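What the coordinates show
Single-letter residue listing:
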Amino acid sequence: MEFRTQVHHIHNNSIGGIFQCLVLACYHYSERVRYSITPATTLSLRMTHSHSSQNPVIEQQRVIIPNKHGEKLVGLLHETGSKEIVILCHGFRSTKADRTMVNLAVALEKEGISAFRFDFAGNGESEGSFEFGNYSKEADDLHSIIQHFCEANRIVCAILGHSKGGDVVLLYASKYHDIHTVVNVSGRYDLKKGIEERFGKDFMDRIQDGFVDIKNKKGVEYRVTKESLMERLSLDMHEVCLKIPRECRVLTVHGSADEIIPVGDALEFAKIIPNHKLHIVEGNFTARLVFPATVHAE
């Protein structure tokens, strides 16, 4: 199945349709097929059922997966019993516990699709040191996650990334050609932008000494090294997207009033990714992912 290049504008009163769109994008096959998990897999992946309700109680299981550097990546599996699974990737200075990740996992879960949200190395509960750029390493972390589930006889039907995670899943698709559905939620097209807005106009001068410590009221929040900054600035998402194979379907979802990453970035992705569909949500889509009550109310 191939997406035609499309741009859809979706208004606030149909925001619930975006969740449906995200869910539908996570199907690898045109017909939905139910599978049972093999006995070997159920040793580590189990689903419990409530005796007081006809609906299953989805058990969130903590799973630890080593990356290629031997660092332990910690994630939570929303197990529904489906053989297919969607991998969710968080954004900058975020974790698997971010409300966006949780709400997306729950939305998929309600449709009977298993989801796995995890912390990249150096974030959340995972081992490793935090790095400002780290796009390539995070794509490799994602590869370790996908390999783990493939070896457990699961089908990774889609990968979904939010903000920086959107860039990571696109980079993954350009480097590893084993996933055929990619969802980019509010990813940044031009990685040279956003630096001054976050760190100040004199940041490039200050970092010439090798690093800059980013501080908050409690002290140093994190460190940006010159090496990690250069890694980000050298990553050309235009070239990355040109390497995504045509058989890989890409869905980009972006809010028209995104306050961090402008909607123009999504339009640039739509121009160059061959098998691509773009959904522009009127307003701040990320805010609605974070606060699902707004979605339900609408």
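In this report, the structure presented in the accompanying data block is examined. In this text the structure is predicted, and so the values were computed from the model without any measurement. (Residues numbered from 1 in each chain as written. Predicted model: local features only at pLDDT ≥ 70, side-chain atom pairs only at ≥ 80, totals over all residues. Heavy atoms only, no water.)

This brings us to the pattern of salt bridges. Scanning all chains against the criterion turns up 12 salt bridges. One salt bridge in this structure joins E125 and R62, with 3.2 Å as the shortest N-O distance. Linking E125 in the loop between β7 (114–118) and α4 (135–151) with R62 in strand β4 (residues 60–66), this pair joins segments that are 63 residues apart in sequence. Among the residues examined, E125 registers a relative accessible area of 43% and is labelled partly exposed. Judged by relative accessible area, R62 falls into the exposed class, the value being 51%. Bridged by salt links that share partners, the residues R62, K96, D119 and E125 form one connected network. (Salt bridge = Lys/Arg side-chain N within 4 Å of Asp/Glu carboxyl O. Helix = DSSP H or I, 4+ residues; strand = E, 2+ residues; numbered from the N terminus. Buried < 20%, exposed > 50% of the residue type's maximum accessible area, 1.4 Å probe, protein only.)

Inspection of the secondary structure puts T80 in the loop between β5 (72–78) and β6 (84–89). Of the residues examined, T80 reaches a relative accessible area of 13% and is grouped as buried. Only 2.9 Å separates the side chain of T80 from the backbone oxygen of G112, close enough to count as a polar contact. (Polar contact = N/O pair within 3.5 Å; in protein donor to acceptor, adjacent residues only side chain to side chain.)

Attention now goes to the nonpolar core. Formed by 40 residues in total, the largest nonpolar core has its most connected members in I87, F116, L142, F149, I159 and L170. Leave out the neighbours within four places in its chain, and L170 touches V182, N184, M237, V240, C241, I244, V250, F269 and I273. In terms of nonpolar packing, the next biggest core, distinct from the first, is built from 16 residues, L88, M101, C157 and L251 among them. (Core = buried A, V, L, I, M, F, W, Y, C linked by side-chain atoms within 4.5 Å. Contact = heavy atoms within 4.5 Å.)

This part covers the pairing of strand β12 (residues 249–255). For β12, the tally of buried residues reaches seven of seven residues, placing the bulk of the element in the interior. Taking every second residue as pointing to the same face, both faces of β12 are buried, with R249, L251, V253 and G255 on one and V250, T252 and H254 on the other. By the bridge criterion, five bridges tie strand β9 (residues 181–185) to β12 in an arrangement that is parallel. What sits directly across from V185, in β12, is V253. Bridge count between β12 and strand β13 (residues 276–281): six bridges; the pairing is parallel. (Pairing = 2+ DSSP bridges.)

The subject of this paragraph is the packing of aromatic side chains. Two numbers describe a pair of aromatic rings. These are the distance of the centres and the angle of the planes. What the rule picks out here adds up to 11 aromatic pairs. Ring centres of F92 and Y222 lie 5.8 Å apart, and the angle between their planes is 80 degrees; this geometry places the pair in the edge-to-face category. Of the two residues, F92 is situated in the loop between β6 and α3 (99–110) and Y222 in strand β11 (residues 219–225); the sequence distance between them amounts to 130 residues. Residue classification places Y222 among the buried positions, given a relative accessible area of 8%. Ring centres 6.1 Å apart and planes at 10 degrees place the aromatic pair F116 and F118 in the stacked group. Residue F118 is classed as buried on the basis of its relative accessible area of 1%. Put simply, the rings of F92, F130, F132, F199, F203 and Y222 touch in pairs and so form one group of aromatic residues. Just above the ring of F130 sits the side chain of R93; from NZ or CZ to the centre is 4.8 Å. (Phe/Tyr/Trp six-rings, centres within 6.5 Å; stacked < 30°, edge-to-face > 60°. Lys NZ or Arg CZ within 6 Å of the ring centre and 35° of its normal.)

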